[in-house]
Amino acid sequence: MTDRFSFQVSATDGRARTGVISTPRGDIRTPAFMPVGTAATVKAMMPESVRATGADILLGNTYHLMLRPGAERVERLGGLHRFMNWERPILTDSGGFQVMSLSSLRKLTEEGVTFSSHVDGSKHFLSPETSMQIQRQLGSDIVMCFDECPALPATEAEVAQSMRMSMRWAQRSRDAFGDRPGHALFGIMQGGVTPELREESAEALKAIGFEGYAIGGLAVGEGQEAMFGVLDYAPGYLPEDKPRYLMGVGKPDDIVGAVVRGVDMMDCVLPSRSGRTGQAWTRRGQVNIKNARHADDPRPLDEHCTCPACTGYSRAYLHHVFRAGEMISGMLLTWHNLHYFQELMAGLRAAIAEGHLDAFVAEFEAMRAQGDIEPL
Ligand SMILES: [Zn+2]
């Protein structure tokens with residue numbers, strides 16, 4: 001165990017990297033996928049089950065937790081790790097993105113954002129300083145800078161103006177974070193789809209200095225092609241010896257494409273949210289368990305998967321419990337999806353370590369191209 005936060009790249013293959021982020025709460029193998037525990041729970045999963053899927057780290061949402069149950073309450077109860085019974089690393093976002101997407105009556109100034117809670121309408125203020133305080137109260141291991149992600153569509157001038165304010169906020173976040181050994185603060189690169197703005201943002205962040213760097217402003221509806229277009233150059237502006245985090249990504253093919261382009265960390269609600277709406281992700285793509293073709297099918301979702309949903313239950317059962325609205329439906333499909341995402345990350349890590357990433361990606365694409373198994 002270490003008392004410091006550090007990152008070590010152990011192998012590269014093209015632009016892809018594999019390595020380990022070390023923290024006092026445990027190691028994070030990269031490339032890493034972080035399940036999202038929005039309200040201090042990965043929905044439908046026990047923390048030990050999340051760990052059993054292979055997750056090294058969870059993401060918590062500052063916006064949700066500050067509104068309910070409140071950061072001060074979580075701090076009084078021993079911090080987020082103790083509160084939710086997850087002793088391994090936790091990354092918290094800054095709250096900024098969800099203020100923009102979820103709250104009403106927002107007022108944005110250079111100082112910060114005033115907004116009304118989507119839960120009870122109460123008034124709140126988030127700024128670089130208050131976001132750092134809340135993330136410290138939660139006890140987060142990896143803290144994200146408070147930034148602004150401009151609503152799309154936006155002109156290049158609007159994106160530039162917003163990015164420059166986010167860079168001023170990044171300095172304020174760094175100043176407010178203080179000296180916290182073992183904890184990390186990540187800067188967030190903005191700049192939309194303009195290479196010059198991405199580079200300007202990266203230079204501003206590097207001048208401040210962070211323990212890791214996120215690529216922000218993507219996965220907000222711009223489409224995979226535009227996202228990969230930015231990822232073709234943006235990671236190259238960031239330091240090679242620090243982790244690179246792509247926020248809010250994504251689908252399995254987004255993840256593979258991001259890792260190939262040099263991304264080390266990702267998070268997404270997709271595996272858990274899909275699990276509650278009857279959608280499964282397998283090596284052969286997406287399966288809609290609601291579909292009547294599964295009603296008499298005794299086969300597992302994926303015969304090669306070792307998760308509890310695939311080793312213990314048939315497609316027919318999964319179809320039945322979804323249709324019947326039984327809670328075990330969301331539990332089993334979420335477990336399977338998280339297991340599949342973590343297996344994908346393990347496969348990517350091994351392929352990079354062995355220098356076989358091209359072959360791994362070709363196999364990944366070939367399996368998906370086959371589509372789901374034929375109905376009986
Ligand atoms: Zn499975």
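Residues numbered from 1 in each chain as written. Predicted model: local features only at pLDDT ≥ 70, side-chain atom pairs only at ≥ 80, totals over all residues. Heavy atoms only, no water.

### Notes on the nonpolar core
In summary, soluble globular proteins display a tendency toward joint burial of nonpolar side chains. Our working rule: Residues belong to a common nonpolar core when they are buried Ala, Val, Leu, Ile, Met, Phe, Trp, Tyr or Cys residues joined through side-chain atoms within 4.5 Å. Classification of residues uses two cut-offs on accessible area relative to the type maximum, computed with a 1.4 Å probe and protein chains only: under 20% is buried, over 50% is exposed, and between them is partly exposed. Domain start and end points were adopted from an automatic or database domain assignment. Here, residues are in contact when the closest pair of their heavy atoms is within 4.5 Å.
Counting residues in each nonpolar core, the largest one holds 49 residues, and the members touching the most others are Leu231, Leu246, Ile255 and Met266. If you count residues domain by domain, this core takes at least three from each of domain 1 (6-96 + 127-268) and domain 2 (275-368). Excluding anything up to four places from it in sequence, Leu246 contacts Ile215, Leu218, Met227, Leu231, Ala258, Val263, Met265, Met266 and Asp267. Core analysis: the second largest hydrophobic core is formed by 26 residues, Val42, Met45, Met66 and Ile134 among them.

### What about the coordination of the zinc ion?
Operational definition: The donor set comprises N, O and S atoms within 2.8 Å of the metal, extended to 3.2 Å for Na, K and Ca; water molecules are omitted, so apparent gaps in a site may simply reflect that omission. Sites are called tetrahedral only when four donors show all angles between 85 and 135 degrees, square planar or octahedral only when four or six donors show opposite pairs over 155 degrees and all other angles between 65 and 115, and irregular in any remaining case. Only DSSP runs of H or I with at least four residues qualify as helices, and only runs of E with at least two residues qualify as strands; both kinds are numbered from the N terminus onward.
All of the protein donors around the zinc ion are Cys305 (SG), Cys307 (SG), Cys310 (SG) and His336 (ND1); their distances to the metal are 2.1 to 2.3 Å. Coordination at the zinc ion is tetrahedral: its four donor atoms span angles of 101 to 113° at the metal. Of note, the zinc ion draws all its donor residues from one chain, in the sequence arrangement C-x1-C-x2-C-x25-H. Here Cys310 is found in helix α12 (residues 308-312), whereas its partner His336 is found in helix α14 (residues 327-354), with 26 residues between them in sequence. Of the two residues, Cys310 and His336, neither departs from the other in class, the shared state being buried.

### A few points about the pattern of salt bridges
Keep this limit in mind: Only one rule defines a salt bridge in this text: a Lys or Arg side-chain nitrogen within 4 Å of an Asp or Glu carboxyl oxygen.
A complete count under the given rule lists 19 salt bridges for this structure. Of the charged contacts, one joins Asp302 and Arg283 as a salt bridge, the two residues approaching to 2.9 Å between their closest N and O atoms. Of this pair, Asp302 sits in the loop between β16 (285-288) and α12 while Arg283 is found in the loop between β15 (279-282) and β16, placing the two residues 19 residues apart along the sequence. Look at Arg283 and you get partly exposed, because its relative accessible area is 28%. Sharing partners across several salt bridges, the network here consists of Arg25, Arg82, Glu87 and Asp141.

### Brief notes about the sheet that holds strand β9 (residues 123-126)
Quick note on the threshold: Two strands are counted as paired when DSSP detects at least two bridges linking them. Lines fitted to the C-alpha atoms define the axes, with helices restricted to the stretch that makes contact. Angles between their N-to-C directions range from 0 to 180 degrees.
Strand order across the open sheet formed by three strands is β7-β8-β9, with antiparallel pairing between neighbours. Of all strands in the sheet, those with a lone pairing partner are β7 (104-108) and β9, marking the two edges. Direction aside, the axes of adjacent strands within the sheet are offset by 15° on average. As defined by bridge partners, β7 adjoins strand β8 (residues 113-116) across three bridges and the pair is classed as antiparallel.

### Topic: empty space enclosed by the protein
This is how the line gets drawn: Cavities and pockets are defined on a 1 Å grid built over the protein atoms alone: a cavity is a set of grid points where a 1.4 Å probe fits but cannot escape, while a pocket is an open set with protein on both sides within 12 Å along at least five of seven lines, and lining residues are those with an atom within 4 Å of any such point. Grid points are joined across faces, edges and corners, and a volume is the space filled by probe spheres set on the points. Lys, Arg, Asp and Glu make up the charged group, whereas Ala, Val, Leu, Ile, Met, Phe, Trp, Tyr, Cys and Pro make up the nonpolar group; the residues left over, Gly among them, are polar.
Taken as a whole and judged by the stated rule, the model has one cavity of 30 Å³ or more. Estimated volume of the largest cavity: approximately 40 Å³. Taken together, Arg29, Ala32, Phe33, Gly54, Ala55, Asp56, Ile57, Gln342 and Arg349 make up the lining of the largest cavity. Class assignment of the residues belonging to the lining of the largest cavity gives a composition of four nonpolar, two polar and three charged.

### Structural notes on the packing of aromatic side chains
Note the following rule: When the centres of two rings from Phe, Tyr and Trp lie within 6.5 Å, Trp using its six-membered ring, the rings pair. Their planes under 30 degrees apart give stacked, over 60 give edge-to-face, and anything left gives tilted. Geometrically, a lysine NZ or arginine CZ counts as sitting over a ring once it is within 6 Å of the ring centre and also within 35 degrees of the ring normal.
For the coordinates displayed, the defined rule picks out eight aromatic pairs. Ring geometry for Tyr233 and Tyr237: centres 5.8 Å apart, planes at 55°, overall tilted. In this structure Tyr237 comes out as buried when scored by relative accessible area, which is 18%. When the centroid spacing of 6.0 Å and the interplanar angle of 85° are considered together, the rings of Tyr340 and Phe341 count as edge-to-face. Taken as a pair, Tyr340 and Phe341 share a single burial class, namely buried. Over the ring of Phe228 we find Arg261, and its NZ or CZ is 4.0 Å from the ring centre.

### Examining unusual backbone geometry
The linkage connecting Thr30 with the following residue, Pro31, adopts the cis geometry, with an omega of 0°. Even without glycine at this site, Ala40 takes up a positive phi of about 65°. Using a relative accessible area of 14% as the deciding quantity, one classes Ala40 as buried. A positive phi angle, close to 60°, is found at Ala219, a residue other than glycine. With respect to the helices, strands and loops of the structure, Ala219 is situated in the loop between β12 (212-215) and α9 (224-231).

### Observations concerning the packing of helix α10 (residues 252-260) against helix α15 (residues 357-370)
Defined as follows: Note that the term roughly parallel is reserved for angles under 35 degrees, roughly antiparallel for angles over 145, roughly perpendicular for angles of 65 to 115, and oblique for everything else. Handedness of a helix crossing follows the sense of rotation of the near helix relative to the far helix, less than a right angle counterclockwise being left-handed and clockwise being right-handed.
One can describe the packing of α10 onto α15 by two numbers: an axis separation of 12 Å at closest approach and a directional angle of 165°. Taken together, α10 and α15 sit at an angle that is classed as roughly antiparallel. As for the relative orientation of α10 and α15, their crossing is left-handed in sense. Taking contact as the criterion, the partners of Pro252, Asp253, Val256 and Val260 in α10 are, on α15, Leu357, Val361, Phe364 and Arg368. Class assignment for the residues of the contact of α10 with α15 results in six nonpolar, no polar and two charged.

### Focus on the UniProt feature "active site" (unreviewed entry) in the chain
Definition in use: UniProt positions are given in the numbering used here, feature names are shortened, and annotations may be inferred rather than shown by experiment. Whenever two N or O atoms come within 3.5 Å, that pair is a polar contact, provided that in protein one can donate a hydrogen and the other can accept it, and provided that, for residues adjacent in sequence, both atoms are side-chain atoms.
Those residues carrying the UniProt feature "active site" (unreviewed entry) are Asp93 and Asp267 in this numbering. In sequence the annotated residues extend across 175 residues, while in space they remain close, none of their C-alpha pairs exceeding 10.6 Å. Of the annotated set, the members that line the largest pocket are Asp93 and Asp267. By the element assignment, Asp93 lies in the loop between β6 (90-92) and α5 (96-102). By relative accessible area, which is 12% here, Asp93 ends up buried. When residues no more than four places from it in sequence are discounted, the contact partners of Asp93 are Gly60, Asn61, Thr62, Tyr63, Gln98, Gln135 and Met144. A polar contact is formed between the side chain of Asp93 and the side chain of Asn61, at a distance of 2.6 Å. By secondary structure assignment, the location of Asp267 is in strand β14 (residues 265-268). Setting aside chain neighbours within four positions, we find Asp267 in contact with Phe33, Met34, Val36, Leu59, Tyr245, Leu246, Met247, Gly248, Val249 and Gly250.

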